[in-house]
Amino acid sequence: MRRITAAWRFFKRPRVFDITLVAMLSGAATIGLIAVLLQGYPDVAEGAVLFILSTFPLLLRRSRPVTVAAIETAGDVFGTAAGILTTANLSSAIAFYSVGRYTPGRTAALTAVGGGVVYGLANHLTRPVPGSWIAGLVYPLAPIVVGQFVRVRAELRERGQREATESAVRAERRRIARELHDVVAHHISVINVLVGGARATLPPGEAVAHDALAGAERTARQALAEMRQLLNVLRADDPVGAGGVFTTDGLLRVEGGADAATGVGAARLPALVQEAATAGLPASLTVIGEPVTLPAAVDHAVYRIVQEALTNTRKHTVGARASVRLAYESEAVEVEVIDDGLPAAGGRTAPAPGFGLDGMAERVALCGGLLRTGPRLEGGFLVHARIPLETT
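All of these numbers come straight from a predicted model, not from anything done at the bench.

Student: Tell me about the side chain of Thr73, and please be specific about residues and values.
Tutor: The topology assignment puts Thr73 in helix α4 (residues 65-81). Among all residues touching Thr73, those that are not within four sequence positions of it are Phe96, Val118 and Tyr119.

Structural data, given as structure tokens:
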């Protein structure tokens, strides 16, 4: 089967296909020529010779389609005028098809008009039959129309493939940006907070340690700034809208690839909450319902939503407490993170542009769920996601 597939791919190469086409047409005509000569029909032999000669220009039908069509037309007119041909050669039909297939619409239309006029006049002068000029006028038009139809379909198919490829690239860039934001930026932020806390608690006289921790804190802030620039580059081509369109197979499965490698999921939420507490954010976790095994994409989305919400609370509020609620239902899973903190100076009321909430929205949308985020009336901030579960 592989050999057949490889042979077909080889045969589909333009140059190989055209050589094979010419060889088959001229070979068949040569066999016919030999047969008619053996049977003593020299008049028919002249037509066979003309047909054989007309096949060779087809080797250039892709690169010089209009020129080839002109040569084939001249051969048909000569054969008709000399009484050698009674109908146009098949080679001319292939040439006109090539004009429609490999030239723009305007060129193809002009060629169809010019060829129709020539064939119409030739038929009118050599065949004084009423309406014969109409057949000559239509003859070039039909193969050119077919060629144009095939050309348009091929262009639409190529455009669809190109758009699918570009969409796949954009989706992969979004995935990488989310992973960088959720994983690397999260841990750098935690390191920055811990280093700052350690520096603040140093006793007097520890100048060396103080300078080292201050340098580490500056490095962490610089890394976060550079990470934000990288995220801007990765999302530069991202279309407006959080849902995204995944048009090639496997993209949705790839979405969870990096998460799966890090082993994150709902089962890791207690450790994540404890990590937030260690970093200075008092947090609690409440699980409602009987835990079930979640689909990989949903499992990872739940973890990343909680991770990003706790990170935002720690970065943008002062004196906050956070509570995480995870509810397992028969047809959906809900995750909610609320805090009661006041906005830090220049923080939540006027945050710098970021991608945390966008990343949440993308993850929830990919799972077919709904996300709500915003300030609470009683103070603090709310992140709530409801993601449906497939039922059998």
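Student: Any details on the side chain of Thr313? Residues and values, ideally.
Tutor: Inspection of the secondary structure puts Thr313 in helix α13 (residues 296-316). Among the polar contacts made by the side chain of Thr313, one reaches the side chain of Asp339 at a distance of 3.0 Å.

Student: Now, about the environment of Ala320: what can you tell me, with residues and values included?
Tutor: If you trace the backbone, Ala320 turns up in the loop between β2 (317-318) and β3 (322-328). Separated by 20 residues in the primary sequence, Ala320 and Asp340 place their C-alpha atoms 5.5 Å from one another. Not counting the four nearest positions on each side in its chain, Ala320 is found in contact with Leu281, Pro282, Thr313, Asp340 and Gly341.

Student: Let's hear about the pairing of β3: which residues, and what values?
Tutor: Among the seven residues of β3, five are classified as buried, and the element is accordingly described as predominantly covered. The pairing of strand β1 (residues 283-288) with β3 spans six bridges and is parallel. By the bridge assignment for β3, Thr286 is matched with Arg325. Pairing of β3 with strand β4 (residues 332-339) involves seven bridges; the strand directions are antiparallel. Considered in β4, the bridge of Ala322 is made with Asp339. Count of turn residues in the β3/β4 antiparallel hairpin: three residues.

Student: Hey, could you go over the pattern of salt bridges for me, with residue numbers and the actual values?
Tutor: According to the stated counting rule, one finds eight salt bridges in the structure shown. Measuring nitrogen to oxygen at the nearest pair gives 3.4 Å for the salt bridge that ties Arg325 to Glu334. Take Arg325: its relative accessible area is 23%, and that puts it in the partly exposed class. Glu334 sits in the buried class, given a relative accessible area of 12%.

About the cut-offs
Residue positions are given per chain, counted from 1 along the sequence in the order it is written. Side-chain atom pairs in this predicted model are given and counted only at pLDDT of 80 or more, local residue features only at pLDDT of at least 70, and totals for whole chains, interfaces and linings cover all residues. Heavy atoms throughout the structure, all of them, feed into the side-chain values; hydrogens and water do not. The secondary structure listing takes helices from DSSP runs of H or I that are at least 4 residues long and strands from runs of E that are at least 2 residues long, numbered from the N terminus. Working rule for contacts: check all heavy atoms of both residues, and any pair within 4.5 Å makes them a contact. Polar contact is defined as a pair of N or O atoms within 3.5 Å, subject to the rule that within protein one atom must be able to donate a hydrogen and the other to accept it, and that residues adjacent in sequence are counted only when both atoms are side-chain atoms. Each residue's exposure class comes from its accessible area (1.4 Å probe, protein chains only) as a fraction of the maximum for that residue type: buried when under 20%, exposed when over 50%, partly exposed otherwise. In this description, strands pair whenever DSSP reports at least two bridges between them. For salt bridges, the criterion is a side-chain nitrogen of Lys or Arg within 4 Å of an Asp or Glu carboxyl oxygen.

Function cannot be inferred from these measures alone, as they are strictly geometric.
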